[in-house]
Amino acid sequence: PATSAIESVDLRSLPYLGFGLKGNPSQVKLEIVDAQGRKASVQFTGIRLDQEQRWAISLLPFEAYGIDLSHVQALYFIVEGQNQTGSLQIYRLP
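Predicted, not measured: the structure shown is a model, and the values here were computed from it.

Undergrad: Sorry, what's going on with the pairing of strand β1 (residues 16-23) here?
TA: Side-chain positions along a regular strand alternate between the two faces of the sheet. Within β1, six of the eight residues are buried, which leaves the element mostly enclosed by the surrounding structure. When β1 meets strand β4 (residues 53-58), the two strands line up antiparallel, connected through six bridges. By the bridge assignment for β4, Gly18 is matched with Ala56. Here β1 runs beside strand β6 (residues 88-92); their pairing, made up of five bridges, is antiparallel. Bridge pairing links Lys22 to Gln89 in β6.

This is the structure in structure tokens:
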């Protein structure tokens, strides 16, 4: 069967998204985009180069902002600001 050019995933069964971040930027934005192009984001602050910082992000606020969690097409980790250099390590937590 043919698949669509951009697929989506159903995140409704997850109680949270768990991530570990480590790197140069002191803050990073996580943006979730659904199949309708709606976007919502959350900021991570306190990221350190020497130690992984961990977060468990509830998906309920994303749903409250109108994100269709049954059809999520993208998760973006965005480092904002001009002339940002360095590294960012992203770990998925169970």
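Undergrad: Looking at this structure, how should I read the nonpolar core?
TA: Where a protein is soluble and globular, its nonpolar side chains tend to be buried together. Ile32, Phe44, Leu59, Phe62, Ile67 and Leu69 are the most contacted members of the largest nonpolar core, which totals 16 residues. Residue assignment for this core shows that the elements contributing at least two residues are β1, β2 (27-34) and β3 (39-45). Apart from residues no more than four positions distant in its own chain, Ile32 is found in contact with Leu17, Arg38, Lys39, Ala40, Leu59, Phe62, Ile67, Val72, Ala74 and Leu75.

Undergrad: Help me out: how do you make sense of the environment of Arg92 in this one?
TA: Its location among the elements puts Arg92 in strand β6. Arg92 gets classed as exposed once you look at its relative accessible area, which sits at 70%. Counting along the chain gives 75 residues from Arg92 to Leu17, while the straight-line C-alpha distance between them is 8.2 Å.

Undergrad: Any chance you could explain the sheet that holds β3 here in plain terms?
TA: By definition, the strands of a sheet pair up through backbone hydrogen bonds, in either a parallel or an antiparallel sense. One open sheet accounts for three strands, arranged β3-β2-β5; its pairing is antiparallel. Of all the strands in the sheet, the pair left with one neighbour each is β3 and β5 (72-78). Across this sheet, the average inter-strand angle for adjacent strands is 15°, counted without regard to direction. Bridge analysis of β2 against β5 gives six bridges, and the strand direction is antiparallel. Paired with Leu30 across the two strands is Phe77, which belongs to β5.

Reading guide: rules and limits
- Residues numbered from 1 in each chain as written.
- Predicted model: local features only at pLDDT ≥ 70, side-chain atom pairs only at ≥ 80, totals over all residues.
- Heavy atoms only, no water.
- Buried < 20%, exposed > 50% of the residue type's maximum accessible area, 1.4 Å probe, protein only.
- Helix = DSSP H or I, 4+ residues; strand = E, 2+ residues; numbered from the N terminus.
- Pairing = 2+ DSSP bridges.
- Core = buried A, V, L, I, M, F, W, Y, C linked by side-chain atoms within 4.5 Å.
- Contact = heavy atoms within 4.5 Å.
- Axes fitted to C-alpha atoms, helices over the stretch in contact; angles between N-to-C directions.

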